[in-house]
Amino acid sequence: MRILLLGGTAEARALAAGLDGAGLPFESSLAGRVSRPRLPVGDVRTGGFGGAEGLARYIDHRGVTHVVDATHPFAVTMSAHAVEAGLETGVPVLRLARPGWAGRPDASSWHWVSTLDEMRTTAERLGSRPFVTTGRQTLWAFESWSGRDVLVRVVDPLTGAAPDRWTVLEDRGPYAAADERELLSQHRIDVLLTKDSGGSYTCAKLGAAGELGIPVVVLRRPPTQGLGKVAGLRL
Ligand SMILES: NC(=O)c1ccc[n+]([C@@H]2O[C@H](COP(=O)([O-])OP(=O)(O)OC[C@H]3O[C@@H](n4cnc5c(N)ncnc54)[C@H](OP(=O)(O)O)[C@@H]3O)[C@@H](O)[C@H]2O)c1
């Protein structure tokens, strides 16, 4: 047995610790986007494989017998490649995805959207001082807000300069409820934008927004039905 664990998440690190404890041979894989990643225990490789074909070659060359896709729920390209490479090589692919936040009691009060464009227009209706927590890769969708006071939180520095009126915080969870309340109040935030990332690291902002009566716009998870159809699996 040799497991390839596609990671970049807290769940992948927890699984790596479990596999290590069980004495199973595995290697974690990280995309290499984050400059100071939290590293899992065990062997780690970093960087893309070169598409689904590259991943299939990697699986063959390294004698991988099982792939666990424990990437972030919004890392759709990597997940699709894992399924394709699994079909190509005949190696089983297990998807480990943390539950989203839709089951929370306050989820029905949020504004659920399916695209970043819809997110922007919905947020524009709800407020004028947004807190954008959807990640560096989504900021292009909010370019038209360059003349507004926008609070942005990202893990890694932006590659280009942010508009003058934007405040960019570089930070990563876990966050405490009291700190999130303080941050929202201090910046007079009147609308919160988030992905349905799930998990506990970044969920404190949701409770804080609820307590302060700040509307929340949530980007739904990308559909996985297509993947299931391709693989003949239920995901
Ligand atoms: N998207 C998010 O909001 C988010 C949040 C937290 C953490 N992450 C983590 O950050 C990583 C990148 O996310 P993303 O949204 O940019 O992914 P993505 O758009 O689905 O992937 C883009 C490309 O990055 C490479 N890649 C992604 N994950 C990889 C991994 N674990 N190991 C090796 N190569 C990987 C692959 O390149 P090749 O095609 O060359 O193989 C993939 O095609 C993921 O590992 C994910 O778990 C993402």
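Here the structure is shown first, and the text comes after it.
My aim in this report is to walk through the structure given alongside it, one point at a time. Along each chain, residue indices are assigned from 1 in the same order as the chain's sequence is written. Reporting of local features is limited, given that this is a predicted model, to residues whose pLDDT is at least 70; pairs of side-chain atoms are given and counted only at 80 or more, and all residues count toward the totals for whole chains, interfaces and linings. Only hydrogens and water are removed before side-chain values are computed, so all heavy atoms of the structure are retained for them.

To continue, consider the nonpolar core. We call a set of buried residues a nonpolar core when its members are Ala, Val, Leu, Ile, Met, Phe, Trp, Tyr or Cys and they connect through side-chain atoms within 4.5 Å of each other. Categorising residues by exposure relies on relative accessible area from a 1.4 Å probe, with only protein chains included: less than 20% of the type maximum marks a residue as buried, more than 50% marks it as exposed, and the intermediate range marks it as partly exposed. With 18 residues, the main nonpolar core has Met119, Val132, Phe142, Trp145, Val152 and Leu193 as its most contacted residues. Here a strand is any run of E in DSSP of at least two residues, a helix any run of H or I of at least four, and the numbering for each starts at the N terminus. Contributing elements (two or more residues each) for this core: helix H4 (116–126), strand E8 (150–154), strand E10 (191–195) and strand E11 (216–219). Contacts: residue pairs with any heavy atoms within 4.5 Å of one another. Once you skip the residues sitting within four places of it in the chain, Trp145 turns out to touch Arg120, Ala123, Glu124, Pro130, Val132, Val150, Trp166 and Leu193. In this structure, Trp110, Leu151, Leu183 and Ala209 belong to the second largest nonpolar core, which totals 16 residues.

Here the rule is simple: two strands pair whenever DSSP picks up at least two bridges between them. Bridge count between strand E1 (residues 3–6) and strand E4 (residues 66–69): four bridges; the pairing is parallel. Note that in E4 the partner of Leu6 across the bridge is Asp69. Across three bridges, the pairing between E4 and strand E5 (residues 93–95) is parallel. Bridge pairing in E5 places Val68 opposite Leu94. By definition, the crossover connecting two strands over a helix is right-handed if that path, from the first strand to the second, turns clockwise as seen with the strands pointing away from the viewer. On the question of chirality, the crossover connecting E4 to the parallel E5 by way of helix H3 (residues 76–89) is right-handed.

Our next topic: the side chain of Arg98. Position of Arg98 among the secondary structure elements: in the loop between E5 and strand E6 (111–113). Contact partners of Arg98, with chain neighbours within four places excluded, come to Thr9, Ala10, Glu11, His72, Pro73, Ser197, Gly198, Gly199 and Arg221.

By convention here, two paired aromatic rings are described through the distance between centres and the angle between planes. Any two rings among Phe, Tyr and Trp, with Trp reduced to its six-membered ring, count as a pair given centres within 6.5 Å; such a pair is stacked if its planes are under 30 degrees apart, edge-to-face if over 60, and tilted if neither. Summed over the entire model, instances satisfying the criterion amount to three aromatic pairs. Their ring planes at 65 degrees and their centres at 5.2 Å tell us that Phe49 and Tyr58 sit as a pair that is edge-to-face. Consider the rings of Trp110 and Trp112, whose centres lie 5.8 Å apart with planes at 40 degrees: the pair is tilted. Throughout this description, the term charge over a ring refers to an Arg CZ or Lys NZ atom that lies within 6 Å of the ring centre and within 35 degrees of the ring normal. Positioned over the ring face of Tyr58 is Arg45, at 5.1 Å from the centre of the ring. Directly above the aromatic system of Tyr175 lies the positively charged group of Arg153, at a separation of 3.6 Å from the ring centroid.

Turning next to the packing of helix H5 (residues 177–186) against helix H6 (residues 204–212). Any two packed helices are characterised by the angle at which their axes cross and by the distance between the axes. Where H5 contacts H6, the two axes come as close as 8 Å, and the packing angle between them is 55 degrees. Looking at the two axes, H5 sits oblique to H6. Considering the relative orientation of H5 and H6, their crossing is right-handed. Taking contact as the criterion, the partners of Ala177, Glu180, Arg181, Leu184 and Ser185 in H5 are, on H6, Ala204, Lys205, Ala208, Ala209, Glu211 and Leu212. Split into classes, the residues belonging to the contact of H5 with H6 amount to six nonpolar, one polar and four charged. The angle between two axes is taken between their N-to-C directions and runs from 0 to 180 degrees, where each axis is a line fitted to C-alpha atoms and a helix contributes only its stretch in contact. Angle categories: roughly parallel below 35 degrees, roughly antiparallel above 145, roughly perpendicular from 65 to 115, and oblique for all the rest. Handedness of a helix crossing follows the sense of rotation of the near helix relative to the far helix, less than a right angle counterclockwise being left-handed and clockwise being right-handed. Gly is put with the polar residues, along with every residue not named as nonpolar or charged; the nonpolar set is Ala, Val, Leu, Ile, Met, Phe, Trp, Tyr, Cys and Pro, and the charged set is Asp, Glu, Lys and Arg.

Before going further, it helps to examine the side chain of Asp196. Relative to the elements of secondary structure, Asp196 occurs in the loop between E10 and H6. Residue Asp196 is classed as buried on the basis of its relative accessible area of 6%. The contacts of Asp196, once residues within four sequence positions are left out, are Phe74, Gly100, Trp101, Ala102, Trp112, Val218, Leu219 and Arg221.

Most of E8 sits inside the fold, with five of its five residues counted as buried. What you see with E8 is no split at all: Val150, Val152 and Val154 on one side and Leu151 and Arg153 on the other are buried throughout. Here strand E7 (residues 130–132) pairs with E8 via two bridges, running parallel. In the sheet register, Val132 faces E8, and the bridge partner there is Val152. Two elements, E8 and strand E9 (residues 166–170), share five bridges in a ladder whose sense is parallel. Bridge assignment links Val150 to a residue of E9, and that residue is Trp166.

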